[in-house]
Amino acid sequence: MFWVLLLLLAWAVAGTACTRLCLAAVRSAADDTDAPQHDLTLYEAAFLSGGPRRVADLTMVSMARQRRLLLAHTGWATVVDPRGRDDIERSVIGAIGPEGQSRIAPVRARAASADAVGDLGERLVDAGLAVPADARTTVASGVRQVRLAALAVLALGAIALLVPARPDMPRGLVALWFALPLALTLSCLAIARVEVHPYSRWASPAGQRLLGTLARRAGGGDDRTYLTSVAVRGVRAIGEPDLRAAFTHRDQP
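All of the points below concern the structure found in this document. Keep in mind it's a predicted model, so treat the numbers as computed, not measured.

Quick look at the packing of aromatic side chains now. Per the counting criterion, the structure on display carries one aromatic pair. Between Phe 47 and Trp 202 the ring centres are 5.6 Å apart and the planes differ by 65°, which places this aromatic pair in the edge-to-face class. Separated by 155 residues along the polypeptide, Phe 47 in helix α2 (residues 42-50) and Trp 202 in the loop between α8 (171-195) and α9 (205-217) bring together distant segments of the chain. We note that Phe 47, like Trp 202, is buried.

This is the structure in structure tokens:
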């Protein structure tokens, strides 16, 4: 009856993962409030969409389009205008350094950890639009755990079927027993997909609704619409080949 031990292990893995996901979803629903009347700035939209690094990317793209920062296709950033117009721009300029030139990757990392970006995140948390730092990835990690649990159940079931079965326990019945915890994990994933999708790391449910409103209102081909796309979608929304190449090479030595 070695397969019974494997079945118990499969139930333990599936039950633990599904319980954690359910608890995370309940906490997320408890924190859900109506979105306040608030017009998101581009920085706020970037933070809610991709966190501090997205804010740094947006700032560099915005400054590059205004010819105040040169982003070379080789992955280097060069300061053209050393006067930042706000705290976040000054953080980017400071991250480049006194020589006025640096690779984009370290600039992005230093700017993302700057106090100005941290203060932005705190304001969004206080407004109920961003997920607190201690709760980030809760639902998303829970979904990943349930997916891994489903794979583990499949693996355990396969092992059980490879073990010689007793005459009074056909392999088909063994497979049916393992189908039960597998069905639990798959149904839990399906419910999570309907009830708590998308699984945002940064934006609270209220913040996600505001982001959706921002995306629907964005229209036309002006500069703000372009930057809104970068804030929400990231650097993959960049249209200029040279500017896109600058971020493509940012992580290369």
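Attention now goes to the side chain of Asp 57. Mapped onto the secondary structure, Asp 57 falls in helix α3 (residues 52-65). On the basis of relative accessibility, which here comes to 3%, the residue Asp 57 falls in the buried class. Within the structure, Asp 57 has its side chain in polar contact with the side chain of Arg 108 (distance 3.1 Å).

With that out of the way, let us pick up a negative patch on the surface. Residues Asp 115, Asp 119, Glu 122 and Asp 126 make up a contiguous surface patch of negative charge. In this structure, Glu 122 sits in helix α6 (residues 115-126).

Conventions used here
Residues numbered from 1 in each chain as written. Predicted model: local features only at pLDDT ≥ 70, side-chain atom pairs only at ≥ 80, totals over all residues. Heavy atoms only, no water. Phe/Tyr/Trp six-rings, centres within 6.5 Å; stacked < 30°, edge-to-face > 60°. Helix = DSSP H or I, 4+ residues; strand = E, 2+ residues; numbered from the N terminus. Buried < 20%, exposed > 50% of the residue type's maximum accessible area, 1.4 Å probe, protein only. Polar contact = N/O pair within 3.5 Å; in protein donor to acceptor, adjacent residues only side chain to side chain. Patch = residues over 30% accessible without salt bridge, like charges linked within 9 Å, V, L, I, M, F, W, Y side chains within 5 Å. Areas by Shrake-Rupley, 256 points an atom, 1.4 Å probe, with all protein chains shown as cover. Salt bridge = Lys/Arg side-chain N within 4 Å of Asp/Glu carboxyl O. Lys, Arg positive; Asp, Glu negative; His and termini not counted. Charge placed at Lys NZ, Arg CZ, Asp CG, Glu CD.

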